Amino acid sequence: MEERPESGKCPLAGIPGKPDESHSDDDINNADAAKERAVLLRNAQLNPGREGPRKKLCGYLNKLGAKGPMKAWKSRWFFYDEHNCHLLYCRTAQDVSPLGSIDLSGASFDCKVEADEGVFEIRTPSRVFILKAVSRQASMYWLQQLQMKRWEFCNPQPGLPVDAVAAAALPGKNEPLLSEAMLTAGEEFLPPVKTPTDVGGTKAAPLQNLSLKHPWTEIQNTISSICGARQPPGSSRSVCSAEELAGHPGPLAEEGEVEGEAECPVREQAREDSQAGPRSHWPRKGKWLSSGFPAFAEGLARERRSPDKVAVLQQQVLTLTEEVKSQKELARLLHKALEAAQQEKRVSSTYLAAAEDKDRLELVRHKVRHIVELSSRLEALEAEKKELAHSLALRDSRVEELQSHVQLLMDKNQAKQQVVLKLSEQIALGLLAPVQEASAVATETWCKQQEEIEHLKDDLLAFRTQNQFLNSEIHQVTELWRRAAEREKALRMQCTRLQAHGCQVESKYLMALRRLQEASPGLASGHAELVKSLVQEALQWDAEEGAAEALQLNPVRECDDYGFLTVPEYEVEDWKLLAKIQALEIRSNHLLSHAAVEKPLRERWAALADLSPSAELKGLIRCGIPAEHRRRVWRWVVNRHLAQRHPGKHYERLLQRGEGTEHPASRQIELDLPRTLTNNRHFTSPSSRLIPKLRRVLLAFSLENPAIGYCQGLNRLAAIALLVLEEEESAFWCLVHIVENLMPVDYYSSMLLASQVDQRVFKDFLWEKLPRLAAHLERHRIDVSLITFNWFLVAFVDSLASDILLRVWDAFLYEGTKVIFRYALAIFKYNEEAIVRLQDGAEIYQYLRVFTRTIGDGRKLMGIAFHDMNPFPMKGLQSRRAAHREQLEAELRQLERIRAQYVAQRAEQAALPLDGAASEEEEEM
């Protein structure tokens, strides 16, 4: 069989061979291959840059004019600019300056079925260009090439410089951005279109678009085109030969690069020959090879003799096949004869092996019996044969009878058919004219239907091609959009980091201003005025800053999701600068932690399906529950501890009982309602919807627990529960869980006994965990219980920022009061250095009143509370509470005895006679 080169390759890529006939043919083939390799090596050495020419996109297209009322098609020369991803166009291929350009970096492509053949569109953000190619195949070729050019430009090579932030969103350095799989991603939608011969290169239309306005320029362009296309004598043998390429540098080489593979006639001839078959392929190929390469001519001469040899070999193969069949039949007959001889041999050997005549006689008798049996079977078969012959004769006679009967029926049928034919002819004579008219109408209708079917098939093919192209276009545009979104995400992350850094720098600047403001009495008058003006300028929240706030990526709103003010309001003028510093720190921490911490934490909470006590859940709750999961988790915690105390409609019955009678705690509740969470917009207005809910929750609790009734501080606990849980009954049971399960007994009694015990326990922990700070406070005679007593009583409500406060409550509801001790110590640890620097008792007291509001990094505070304060066993806390409780009860008993003695002395003094004393009337007289 003959081997042909692959279609689409230049004939220099391989020499066709033939089957091996002898060793001499092998030697000849080896010699030819050696000559071929030598020629290829010589060509590669002469022109190494021509092994893989880069195809450039250029050619003539018709462009629909956009100016004037009469739009017409104008032929223009289009070529692609690799550097700017622009498709330039001019009147002719010889023009130097283009008429215009089309930006492909942000363009999309479309081909409409209802448009004319070869018409396609290029849509840019500013304009729509309508172009027309010579055929549908040419238009699809242009569209695919433009898609590939756009993809190459929008996805630069890894070696090119890329912004560090954009590189973070792109694949790694070892992963090529423009892989072969991405370049050919559209092939699964639309197969690549073969390059049309009349699309690319200046030879596609050498003399077009002649203009009468500039005849001298047109003549020069035409002469240069003709001179550039002229070839020297002897070069027509092989366009791809190395002698031509080496001998004609300059414009001809550039033209070859522009035209690409489509301008190589040898390659196009190879493609046509591979489709035409061997008979039309080899003569043309032999002519081309014999012109410049003698070794190729010798190989072709040998290949021309190969068909005769193949025919002879095929005839020999047929002859040998028949001979093999006859030999197989002979072998089968000999095999049967051999089996019979072996059977006879076995019988003879058995007969001869018998030792006595008696055994031999027995064998003979056995054979005789076998012969008799065979004879009886033969007689039975012969009798059966006679019966079958008799039955066959009967069947033959029956068949003859049936045949005669069938002949009669056929005669009758023929007579009937003749009668039917006569009647049909008579009927046809009367109906011939209408039938002819109907047949003509049916024929015309059928032709129209066939024509419509052909049109529908063409439309279906066009729509299918359009669908395939649009699918590939959507795929590429989507991929480009995804890459742009990743780059945008990386840039937004960098902007967030820069914005957070700016907030940090601004807060440091304001802190320096605050320190200068504190030291302003010791400064000169000019410097003091400068500091004062800078402080006033920093405190102004002007319109420009508000406008910048609207453009921020993660702005801090005035109120959070629960209604708390994100920026505290201080009445003292000196603290307003501190409020702005705190707002900047909160914003900076929010920006830095949103992408790095909050997003992974939310993903872990979303993956947590069922809630059950575990170390993982404990760690997640300590890190803070996201707002969308906080209500569900709080309800689960409360129901877990009060599942047995949820009788049906218990809360409603308590409210009904409170409506009938006036409770002693109602007056105190009404006084505390306006003072509840003054920094929350849901409680600042008397008409807020949460005020009546809070009143009913506190009244129901006073009826549920008469021993406590109502204590100042319960209003703030119930308000936090209402903000998160939203339902009155859920907030009521949350308040019951805090007072009766989490806090010790007598924590909210009239004497606040347990609260005083916790203050003494906290001082012990302060000396143990922060001895330097405790000694500093002791030196200045600072009683921290004046500050921390309210922390423990209401679990830091009105003391911490809302975001940090809710994280504290998350862990507090799940673990208990130990969390309050941890966070109280962490707050002092967080501000230890600032407190130690203060050396005046009054200044320390003033700082301790507001220093909890200066904490903006909740993650840092959480790390101090649950890591730096370890170990913190619950048994140690319980033992300290028991010891201090005994000591406090003893002190209270001692005070009670002293008070009783004082009352007794006062009673004795009142009972003594007043003999020597004068009355008021006597004194007046």
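Analysis parameters
- Residues numbered from 1 in each chain as written.
- Predicted model: local features only at pLDDT ≥ 70, side-chain atom pairs only at ≥ 80, totals over all residues.
- Heavy atoms only, no water.
- Helix = DSSP H or I, 4+ residues; strand = E, 2+ residues; numbered from the N terminus.
- Buried < 20%, exposed > 50% of the residue type's maximum accessible area, 1.4 Å probe, protein only.
- Contact = heavy atoms within 4.5 Å.
- Polar contact = N/O pair within 3.5 Å; in protein donor to acceptor, adjacent residues only side chain to side chain.
- Phe/Tyr/Trp six-rings, centres within 6.5 Å; stacked < 30°, edge-to-face > 60°.
- Lys NZ or Arg CZ within 6 Å of the ring centre and 35° of its normal.
- pLDDT = per-residue confidence, 0-100.
- Pairing = 2+ DSSP bridges.
- Axes fitted to C-alpha atoms, helices over the stretch in contact; angles between N-to-C directions.
- 1 Å grid on protein atoms, 1.4 Å probe; cavity = no way out; pocket = protein on both sides within 12 Å on 5 of 7 lines; lining within 4 Å.
- Points joined across faces, edges and corners; volume = space filled by probe spheres on them.
- Expected span 1.5 Å × (residues − 1).
- Nonpolar A, V, L, I, M, F, W, Y, C, P; charged D, E, K, R; others polar.
- Core = buried A, V, L, I, M, F, W, Y, C linked by side-chain atoms within 4.5 Å.
- Patch = residues over 30% accessible without salt bridge, like charges linked within 9 Å, V, L, I, M, F, W, Y side chains within 5 Å.
- Areas by Shrake-Rupley, 256 points an atom, 1.4 Å probe, with all protein chains shown as cover.
- Salt bridge = Lys/Arg side-chain N within 4 Å of Asp/Glu carboxyl O.
- Parallel < 35°, antiparallel > 145°, perpendicular 65-115°, else oblique.
- Left-handed = near helix turned anticlockwise from the far one by under 90°.

**Observations regarding the environment of E727**
Within the secondary structure, E727 is located in the loop between α21 (714–725) and α22 (728–742). What makes E727 partly exposed here is its relative accessible area of 42%. When the C-alpha atoms of E727 and K693 are compared, they prove to be 8.5 Å apart, with 34 residues separating the residues in sequence. Setting aside its immediate chain neighbours within four residues, E727 contacts R635 and L722. There is a polar contact of 3.3 Å between the side chain of E727 and the side chain of R635.

**Side note on the packing of aromatic side chains**
As enumerated under the stated definition, the model contains 19 aromatic pairs in all. Measuring from ring centre to ring centre gives 5.6 Å for F762 and F792, while their planes differ by 65 degrees; the resulting arrangement is edge-to-face. Within this pair, whereas F762 is found in helix α23 (residues 753–769), its partner F792 is found in helix α25 (residues 785–794), the two being separated by 30 residues in sequence. Like F762, the residue F792 is buried in the burial classification. Here W791 and F851 contribute two aromatic rings whose centre-to-centre distance is 6.0 Å and whose plane-to-plane angle is 35 degrees, an arrangement assigned as tilted. Separated by 60 residues along the polypeptide, W791 in helix α25 and F851 in the loop between α29 (841–850) and α30 (858–868) bring together distant segments of the chain. Of the two residues, W791 and F851, neither departs from the other in class, the shared state being buried. The ring of Y830 carries the charged tip of K860 above its face, separated from the ring centre by 4.8 Å.

**Side note on the confidence of the model for the protein**
Atom-level detail of predicted coordinates should not be read off regions where pLDDT is low. Summarising the model, the protein shows a mean pLDDT of 75, and 66% of its residues fall at 70 or more. Long-range and interchain partners of residues 541–556, a stretch whose pLDDT sits below 50, account for 18 contacts in this model, where long-range means more than four residues apart.

**Overview of the sheet that holds strand β5 (residues 108–110)**
Read across the sheet, seven strands follow the order β4-β3-β2-β1-β7-β6-β5 without closing on themselves; strand pairing throughout is antiparallel. Whereas interior strands pair on both sides, the edge strands pair on one side only; in this sheet they are β4 (100–103) and β5. Here the strands of the sheet are splayed against their neighbours by 35 degrees on average, with no regard to which way each runs.

**Section: unusual backbone geometry**
Apart from glycine, the bulk of residues carry a negative phi angle, and the bulk of peptide bonds sit in the trans form. N870 connects to P871 through a cis peptide bond whose omega is -5 degrees. Topologically, P871 is positioned in the loop between α30 and α31 (874–911). Located in the positive-phi region is C85, a residue other than glycine, with phi close to 55 degrees. For C85, the position within the fold is in the loop between β2 (73–81) and β3 (86–90).

**With respect to empty space enclosed by the protein**
With the rule as written, the count across this model stands at five cavities of 30 Å³ or more. Volume-wise, the largest cavity comes out at about 110 Å³. Together, 13 residues line the largest cavity, and C111, K112, V119, R136 and M140 are the ones closest to its centre. Of all elements in the fold, only α2 (136–154) and α11 (357–518) reach the threshold of two or more residues within the lining of the largest cavity.

**A closer look at helix α26 (residues 802–815)**
Taking 1.5 Å per residue as the helical rise, α26 with its 14 residues ought to reach 20 Å, and the 20 Å between its terminal C-alpha atoms agrees with that figure. Of all 14 residues that make up α26, 13 are buried, and the element is covered over most of its length. Following α26 by one or two positions, G816 has its phi on the positive side, about 110 degrees.

**Side note on the pairing of strand β7 (residues 128–132)**
Strand residues, when the strand is regular, have side chains that alternate between the two faces of the sheet. Taking every second residue as pointing to the same face, the buried face of β7 carries F129 and L131, while none of V128, I130 and K132 on the other face is buried. In this structure, strand β1 (residues 58–64) lies alongside β7, joined through two bridges in antiparallel fashion. In the strand pairing of β7, N62 is matched with K132. One ladder, built from five bridges, connects strand β6 (residues 119–123) with β7; its direction is antiparallel. Across the sheet, residue E121 finds its bridge partner in β7, namely I130. Turn length for the β6-β7 hairpin, with the two strands adjacent in sequence and antiparallel, is four residues.

**Focus: the packing of helix α15 (residues 615–623) against α26**
Contact pair α15 / α26: the axes reach a minimum separation of 7 Å and the direction vectors enclose 150 degrees. Mapping the contact onto sequence places L617, K618, I621, R622 and C623 in α15 and R807, D810, A811, Y814 and E815 in α26. Among the residues making up the contact of α15 with α26, the classes are represented as five nonpolar, no polar and five charged.

**Points about the nonpolar core**
W605, L714, F796 and F828 are the most contacted members of the largest nonpolar core, which has 114 residues in total. Sort the elements by how many residues they give to this core and α21 lands first, with ten residues. Ignoring any residue separated from it by four or fewer positions in sequence, one finds F828 in contact with F762, L766, L770, L773, V784, T788, W791, I835, L848 and F851. Core analysis: the next-biggest nonpolar cluster, separate from the first, contains 24 residues, Y89, M140, Y141 and L146 among them.

**Quick notes on helix α20 (residues 690–704)**
Across its 15 residues, α20 extends 21 Å between first and last C-alpha, which sits within 8% of the 21 Å expected from 1.5 Å per residue. Burial within α20 is extensive, with twelve of its 15 residues counted as buried. Of all the positions in α20, only L690, I691, K693, L694, V697, L698, L699, A700, F701, S702, L703 and E704 are classed as buried. Here the buried face of α20 lies against α17 (650–660), α18 (666–672), α19 (681–684), α21 and α22.

**A closer look at the pairing of β3**
Summarising burial for β3: four of the five residues are buried, a large majority. Relative to β3, β2 is paired through five bridges, and the arrangement is antiparallel. Note that in β3 the partner of F79 across the bridge is L88. Linkage of β2 to β3, two consecutive antiparallel strands, is achieved through a turn of four residues, within which C85 is found at a positive phi near 55 degrees. In the sheet, β3 pairs with β4 via four bridges, with the strands oriented antiparallel. When the sheet's bridge partners are listed, H86 is paired in β4 with D103.

**Side note on a nonpolar patch on the surface**
A contiguous nonpolar patch, built from Y351, L352, L361, V364, V368 and V372 and spanning about 540 Å² of accessible area, is present on the exposed surface. Take the nonpolar patch: its biggest share by element is four residues, from α11. Tracing the sequence through the fold places V372 in helix α11. Taking relative accessible area as the criterion, V372 reaches 52% and is therefore assigned exposed.

**A few points about the side chain of S799**
Here S799 shows up in the loop between α25 and α26. Judged by its relative accessible area of 7%, S799 falls in the buried class. Filtering out sequence-adjacent residues up to four positions away, S799 remains in contact with N790, W791, T852 and R853.

**Looking at the packing of α23 against α25**
Between α23 and α25, whose axes approach to 10 Å, the crossing angle comes to 120 degrees. Judged on the interaxial angle alone, α25 and α23 are oblique. In the crossing of α23 with α25, the sense of the turn from one axis to the other is right-handed. Where α23 approaches α25, its residues S755, Q756, D758, Q759, F762 and K763 are matched on the opposing element by S785, T788, F789, F792 and L793. When its residues are assigned to classes, the contact of α23 with α25 shows four nonpolar, five polar and two charged.

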